[in-house]
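Structural features, examined
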Amino acid sequence: MEALVIEGGRPLQGEVAVGGAKNAVLPMMAACLLVPGPIHIRNVPRLRDVVTFLALLREMGVAGGYEDHSLFLDARRVTSHEAPYDHVKKMRASIYVLGPLLARFGKARVSLPGGCAWGPRPVNLHLDAMRALGAQLALDHGYVVAEAKRLRGARIAFDISSVGATGNAMMAAVLAEGTTVIENAACEPEMEALADFLCALGARIDGTGTKTITIEGVPELKPVDDYVNIPDRIEAGTFLAAGAITGGDVTVTHVRPDHLSMVLALMERMGCRLEVGDDRIRITVPEGRLRSTDVVTEPYPGFPTDLQAQFMALLCVADGAGVVTDTIYPDRFTHVPELQRLGARITLSGNAVTVEGRARLQGARLMATDSRAGSALILGGLAAAGHTTVSRIYHIDRGYEAIETRLAQLGAQIERIRVEGP
Ligand code: UD1
């Protein structure tokens, strides 16, 4: 197993390029199942989830390869319509194959994902959307077995805004007969990117980036060459947080600042100075210490749940107290006891966490529990005096490509080591 060893207390300085968005490329990979021909996507991060998804697609008969941040996929011949438990339990995003398989082949057998460290994370909305489009669903030994002759356009009104269910519904509806209207659709940039990708394949979709998406079904989609994925806003936010927590001077490049409006507004409220260009953001902390604030996560354009843990790390060293509330995943707080090991003053009451900032944290041995929570522990380590070791970093590697190399490029003292046990 591997761990990261950090010697904290150094202000980070310099430039770091943000990679492609994982949560945009995973549904795009599933969407390749809709097309009987070759597809080339660029700006794809080298992450374990991408490799896992590629392995799943290959098991289904899709020809595919990954090289130099480019993905090549060809779903001309698909020999299996099943997403087995072993894949889905490793990566919940495997559920994205449900919509495309049903739309193109009229059948799919997809394992239910089961529980998750953040709470129950059900998939009922994905299934409701498929039923609305005319699919018959049955449960067979932990698998959803879905069938339809040809999906029919329908009105799908979600009672909760769900990224995954919106993506699955869109991918299913692009080949359905007639018009589909998705109401209370997720507006996240990753869904806008998926819609843009589907349109590049010949789909007809209106209203993306708004809460009402209209899709006119088409009989077939066509291949696309050289499609460029969007930058990862969560990675960008994490590197900006690394600049802020160390009182450094960091510029993130290859970003879409418009995808980070709420995040940047919160950073300004915390006393950060931002210089925002077309595709770059520079962050400094003129007063030397961050100011505390409350953080509430909400569906986009609200503050993202995937940056909640990282901002909690900022509050741990900020001046004053702030309350963190996650309205998307009310229990997503596995990082709290780990941050407490660094000396952070955090109290958990129901679903609200109060963080009382202190001037200094102390290095300690920590364990990552998921990718974003893990990156928050790195941030804590960067701000703490002495050594911090973060173990179980395979979680962090799911969301960040070579994070230690890129932080070291900014002057962080950070090293990946091999350790015994998990
Ligand atoms: C995606 C992201 C994840 C992010 C999350 C919220 C990917 C691969 N993952 O996850 O990083 O944290 O969006 O921005 O893109 N819900 C239901 N029933 C469903 C589906 C969802 O009740 O069928 C609920 C969830 O429990 C949650 C809320 O809806 O409370 C939003 O979840 P959703 O947007 O679906 O998250 P994911 O797509 O799984």
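Refer to the structure presented above.
About the cut-offs
Residues numbered from 1 in each chain as written. Predicted model: local features only at pLDDT ≥ 70, side-chain atom pairs only at ≥ 80, totals over all residues. Heavy atoms only, no water. Helix = DSSP H or I, 4+ residues; strand = E, 2+ residues; numbered from the N terminus. Rg over C-alpha atoms; globule rule 2.2 N^0.38 Å. Buried < 20%, exposed > 50% of the residue type's maximum accessible area, 1.4 Å probe, protein only. Near = heavy atom within 4 Å. Polar contact = N/O pair within 3.5 Å; in protein donor to acceptor, adjacent residues only side chain to side chain. Areas by Shrake-Rupley, 256 points an atom, 1.4 Å probe, with all protein chains shown as cover. Nonpolar A, V, L, I, M, F, W, Y, C, P; charged D, E, K, R; others polar. Domains from an automatic or database assignment. Pairing = 2+ DSSP bridges. Axes fitted to C-alpha atoms, helices over the stretch in contact; angles between N-to-C directions. Contact = heavy atoms within 4.5 Å. Phe/Tyr/Trp six-rings, centres within 6.5 Å; stacked < 30°, edge-to-face > 60°. Lys NZ or Arg CZ within 6 Å of the ring centre and 35° of its normal. Salt bridge = Lys/Arg side-chain N within 4 Å of Asp/Glu carboxyl O.

Topic: the overall build of the protein chain
- For the protein chain, the count of helices and strands is 14 helices and 26 strands.
- In terms of overall dimensions, the protein chain is globule-like: its C-alpha atoms have a radius of gyration of 21 Å, near the 22 Å expected for 422 residues.
- Dimensions of the protein chain along its principal axes, counting C-alpha atoms only, are 65 × 45 × 40 Å.
- Scored against the burial criterion, the 422 residues of the protein chain give a buried share of 56%.

Observations regarding the site of the ligand
- As a matter of local geometry, the ligand sits amid 18 residues, with Asn124, Leu125, Ser162, Val163 and Asp306 nearest to it.
- A distance of 3.2 Å separates an oxygen atom of the ligand from a polar side-chain atom of Asn23.
- Within the backbone of Val163, one N or O atom sits 2.7 Å away from an oxygen atom of the ligand.
- Contact with the protein chains hides 84% of the accessible area of the ligand, taken as 740 Å² for the molecule alone.
- Secondary structure elements with two or more residues in the shell around the ligand: helix 5 (124–132) and helix 6 (163–173).
- Here the shell around the ligand takes three residues from helix 5, the largest share from any one element.
- For the shell around the ligand, the class distribution of residues is eight nonpolar, seven polar and three charged.
- Built from parts of two domains, the shell around the ligand gets at least three residues from each of domain 1 (2–19 + 231–418) and domain 2 (22–228).

As for the sheet that holds strand 17 (residues 280–284)
- What the four strands build is an open sheet, ordered 2-15-17-16; its pairing is mixed. The open sheet has two edge strands, strand 2 (13–17) and strand 16 (273–276), and neither has a second partner. On average, adjacent strands in this sheet sit at an angle of 15° to one another, irrespective of strand direction.
- The sheet contact formed by strand 16 and strand 17 spans four bridges and is antiparallel. In the strand pairing of strand 17, Glu275 is matched with Arg282.
- Sitting on the sheet, helix 8 (residues 233–245) is in contact with strand 2, strand 15 (249–253) and strand 17, with an inclination near 170° to strand 15.
- Relative to the sheet, helix 9 (residues 261–269) contacts strand 16 and strand 17, its axis offset from that of strand 16 by approximately 145°.

Some remarks on the side chain of Asp74
- Its location among the elements puts Asp74 in strand 5 (residues 70–74).
- At 2.4 Å, the side chain of Asp74 forms a polar contact with the side chain of Arg76.
- Setting aside residues no more than four positions away along its own chain, Asp74 makes contact with Gly37, Pro38, Val62 and Ala63.

Structural notes on the sheet that holds strand 13 (residues 212–216)
- Ordered in space as 10-11-13-12, the four strands form an open sheet in which the pairing is mixed. Two strands in the sheet have a free side with no partner beyond their single neighbour: strand 10 (155–157) and strand 12 (204–206). Direction aside, neighbouring strands of the sheet carry axes that sit 15° apart on average.
- Relative to strand 11 (residues 179–183), strand 10 runs parallel, the two being bridged by three bridges. Looking at strand 11, one finds that Ile156 is bridged to Ile182.

Structural notes on helix 6
- Of all eleven residues in helix 6, ten are buried, a share of seventy percent or more.
- Every buried residue belonging to helix 6 is among Gly164, Ala165, Thr166, Gly167, Asn168, Ala169, Met170, Met171, Ala172 and Ala173, and all of these are buried.
- Measuring from the side-chain oxygen of the N-cap residue of helix 6 to the backbone nitrogen of Ala165 gives 3.0 Å; that N-cap residue is Ser162.

Side note on the packing of aromatic side chains
- Scanning all chains against the criterion turns up two aromatic pairs.
- Where Phe197 meets Tyr227, the ring centres are 5.1 Å apart and the plane angle is 70°; that geometry is what we call edge-to-face. A residue pair is termed long-range when its members are at least 10 positions apart, and Phe197 in helix 7 (residues 189–200) and Tyr227 in strand 14 (residues 224–228) qualify at 30 residues.
- Judged by its relative accessible area of 0%, Phe197 is buried.
- Where Phe303 meets Phe311, the ring centres are 4.9 Å apart and the plane angle is 70°; that geometry is what we call edge-to-face.
- Owing to a relative accessible area of 3%, Phe303 belongs among the buried residues under this scheme.
- Looking at Phe311, the relative accessible area reads 0%, which means it is buried.
- The ring centre of Tyr143 lies 4.2 Å from the NZ or CZ of Arg109, which sits over that ring.

Topic: the environment of Val78
- Mapping Val78 onto the fold places it in the loop between strand 5 and strand 6 (82–83).
- Judged by its relative accessible area of 14%, Val78 falls in the buried class.
- Here the alpha-carbon distance between Val78 and Phe105, two residues 27 residues apart in the chain, equals 9.2 Å.
- Non-local contacts of Val78, meaning those with residues more than four positions away in its chain, are made with Leu33, Met60, Val62, Arg104 and Phe105.

Quick notes on the pattern of salt bridges
- For the structure shown, the criterion picks out 23 salt bridges.
- Between Asp226 and Arg42 there is a salt bridge whose closest N-O contact spans 2.6 Å. Of the two residues, Asp226 sits in strand 14 while Arg42 sits in strand 3 (residues 38–42), which places them 184 residues apart along the sequence.
- The exposure class assigned to Asp226 is partly exposed, which follows from its relative accessible area of 39%.
- With a relative accessible area of 35%, Arg42 lands in the partly exposed category.
- Between Arg291 and Glu287 there is a salt bridge, with its nearest N and O atoms 2.7 Å apart.
- What makes Arg291 partly exposed here is its relative accessible area of 33%.
- One connected set of salt bridges, linked through shared partners, spans Glu2, Asp397, Glu404, Arg416 and Arg418.

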